[in-house]
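# Observations on chain architecture
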Amino acid sequence: MDRSSLLQLIQEQQLDPENTGFIGADTFTGLVHSHELPLDPAKLDMLVALAQSNERGQVCYQELVDLISSKRSSSFKRAIANGQRALPRDGLLDEPGLGVYKRFVRYVAYEILPREVDRHWYFYRHRSCPPPVFMASVTLAQIIVFLCYGARLNKWVLQTYHPEYMKSPLVYHPGHRARAWRFLTYMFMHVGLEQLGFNALLQLMIGVPLEMVHGLLRISLLYLAGVLAGSLTVSITDMRAPVVGGSGGVYALCSAHLANVVMNWAGMRCPYKLLRMVLALVCMSSEVGRAVWLRFSPPLPASGPQPSFMAHLAGAVVGVSMGLTILRSYEERLRDQCGWWVVLLAYGTFLLFAIFWNVFAYDLLGAHIPPPP
């Protein structure tokens, strides 16, 4: 139901004859049932929650329109939060007769969302089309690129030690800073099977559920922001080092999700969350430690510096800042939130600084970078 048809129906039924801007929830619910209007059960639940947050049991007309239009503002969310305590509702875990896919959707709801009302909203509104194609496509592309270079170099572990590896047009190398696409395309290259396996596993286990809940646009923005921040941070802090791997984007996703879980610890219903949190932190720390070891204590003779580990840390910072803002704004417009614009301003300032650094600082500081392959 669109906004115009809803307005016409309310006017025809005279639900607000005195033009107060409020509509009785019981009256509107009866209208829905009598006209057999297609309204999600979750939206009816939220309608009751909105009414219970109002002293007279009424719903603001604009909030009703936002509800029908699947738009939720911060004030809408606060009203839902105030009303949900008195709202009797069975949890999704008690939902009987679900198929395999709907059970997976329910699993994703409990993995990602911290509040029961949001889980209901997602569970009833979720559609299988479009599927979470971004994270799956990125992972598939990374695997294909790795297989191609593995077969070409006949090397599947520590590929960066092969003299032909750094000649790839996808790798970020400080000697090729003018080729701007390399600041992003390095995410398709990996040191070896171990790094690819780690990143692909996290992208599928965390990235796909996040994309299912928050959508392609937000998750792709977060992932690519982490990738770009990773290469730019390396170009500032580790000026002689190349970069490979999608760890900047992976750490942005993982850090955002872990921070969201910690900040909503009481509401998260995912099983064994403390154990899984510890395991995730251990695995992420181990991957950073491995990258530091390869950077400063290479196990094999190398023709130049090995890839930097700073992309991991930059991705984590992006996840805790930008990513946490995105994940805490489920079904809300980011442009309506002051915090979102603060994060964008900070990220934009960093981008401008990094661009000027790459254009001028290398010559001014006399940085001795390895010759480009």
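Residues numbered from 1 in each chain as written. Predicted model: local features only at pLDDT ≥ 70, side-chain atom pairs only at ≥ 80, totals over all residues. Heavy atoms only, no water.

## Examining the overall build of the protein
Let me state the cut-off plainly: Counting from the N terminus, the helices are the DSSP runs of H or I reaching at least four residues and the strands are the DSSP runs of E reaching at least two. With a 1.4 Å probe rolled over the protein chains alone, any residue whose accessible area is under 20% of its type maximum counts as buried; one over 50% counts as exposed, and the rest are partly exposed. Pairs of residues are marked as contacts when any of their non-hydrogen atoms sit within 4.5 Å. Note on areas: Shrake-Rupley with a 1.4 Å probe; residue coverage comes only from the protein chains shown.
When its secondary structure is counted, the protein shows 15 helices and two strands. Of all 373 residues assigned to the protein, the portion counted as buried reaches 50%. Residue pairs in contact within the protein that sit at least 24 positions apart in sequence constitute 75% of those at least 6 positions apart. Accessible area for the protein stands at about 18,100 Å²; split by element, carbon and sulfur atoms hold 64% of it.

## Topic: helix α15 (residues 338–365)
Put simply, the test is: What a helix is expected to span follows from its residue count: subtract one and scale by 1.5 Å. The bend reported for a residue corresponds to the angle between axes fitted to the seven residues ending at that residue and the seven starting there.
The first and last C-alpha atoms of α15 sit 38 Å apart over 28 residues, in line with the 40 Å expected at 1.5 Å per residue. Of all the bends found along α15, the most pronounced is centred on N358 and spans about 40°. Within the span of α15, buried status applies to W340, V343, Y347, A354, N358, A361 and Y362. Phi turns positive one or two residues past the end of α15, at G366, with a value near 65°.

## Overview of the UniProt feature "transmembrane region" (unreviewed entry) in the protein
Operational definition: UniProt positions are given in the numbering used here, feature names are shortened, and annotations may be inferred rather than shown by experiment.
Mapped onto the present numbering, the UniProt feature "transmembrane region" (unreviewed entry) falls on residues 133–152, 183–204, 216–236, 248–267, 274–296, 308–327 and 339–360. Taken end to end, residues 183–204 is 68% helix and 0% strand, and its two terminal C-alpha atoms sit 23 Å from one another. Spanning residues 274–296, this segment combines 100% helix with 0% strand, and its end C-alpha atoms are found 33 Å apart.

## A short note on a nonpolar patch on the surface
Just so we agree on the cut-off: Like-charged residues within 9 Å of one another, or nonpolar side chains (Val, Leu, Ile, Met, Phe, Trp, Tyr) within 5 Å, are grouped into patches, provided each residue has over 30% relative accessible area and no salt bridge. A pair is scored as a salt bridge if a Lys or Arg side-chain nitrogen falls within 4 Å of a carboxyl oxygen belonging to Asp or Glu.
A contiguous nonpolar surface patch, about 780 Å² in accessible area, is contributed by L352, I355, F356, V359, F360, L364 and L365. Examined against the element boundaries, L364 turns out to sit in helix α15.

## Topic: unusual backbone geometry
Glycine aside, negative phi is the norm for most residues, and most peptide bonds take the trans geometry. Of note in this structure, N154 is not a glycine but carries a positive phi near 55°. Relative to the elements of secondary structure, N154 occurs in the loop between α8 (133–153) and α9 (182–185). Residues other than glycine seldom take positive phi values, yet L158 does so here, at roughly 55°. Relative accessible area serves as the criterion here: at 16%, L158 is assigned to the buried category.

## Thoughts on the nonpolar core
Which entries qualify depends on this criterion: Throughout, nonpolar core names a set of buried Ala, Val, Leu, Ile, Met, Phe, Trp, Tyr and Cys residues whose side chains join them through atoms within 4.5 Å. Domain limits in this description derive from either an automatic procedure or a database domain assignment.
Core analysis: the biggest nonpolar cluster contains 77 residues, and Y122, Y223, V318 and M322 have the highest contact counts within it. Examining the composition of this core, we find that nine residues originate from one element, helix α11 (residues 216–237), more than from any other. Taken domain by domain, the makeup of this core includes at least three residues from each of domain 2 (92–129) and domain 3 (133–365). Leave out the neighbours within four places in its chain, and M322 touches L222, A225, W340, V343, L344 and Y347.

## Notes on the state of the cysteines
Selection rule: Two cysteine sulfurs form a disulfide in these notes if their separation is within 2.5 Å.
Applying the stated criterion across every chain yields a total of zero disulfides. With no disulfide partner, C254 has as its closest neighbouring cysteine sulfur the one in C283, 9.9 Å distant.

## Examining the packing of aromatic side chains
Put simply, the rule reads: In this analysis, rings of Phe, Tyr and Trp, with Trp reduced to its six-membered ring, are considered paired at centre separations within 6.5 Å, and the interplanar angle assigns stacked below 30 degrees, edge-to-face beyond 60, and tilted for intermediate values. We call a charge positioned above a ring when the Lys NZ or Arg CZ atom is no farther than 6 Å from the ring centre and deviates by at most 35 degrees from the ring normal.
Overall, the coordinates contain nine aromatic pairs when judged by the stated rule. Judged by centre distance (5.8 Å) and plane angle (40°), the rings of F353 and W357 are tilted. With F353 and W357 both in helix α15, this residue pair falls four residues apart, about one helical turn. Taking relative accessible area as the criterion, W357 reaches 21% and is therefore assigned partly exposed. We note K102 situated over the ring of F123; from NZ or CZ to the ring centre the distance is 4.2 Å. Directly above the ring of W265 sits K273, whose terminal nitrogen or CZ lies 4.8 Å from the centroid.

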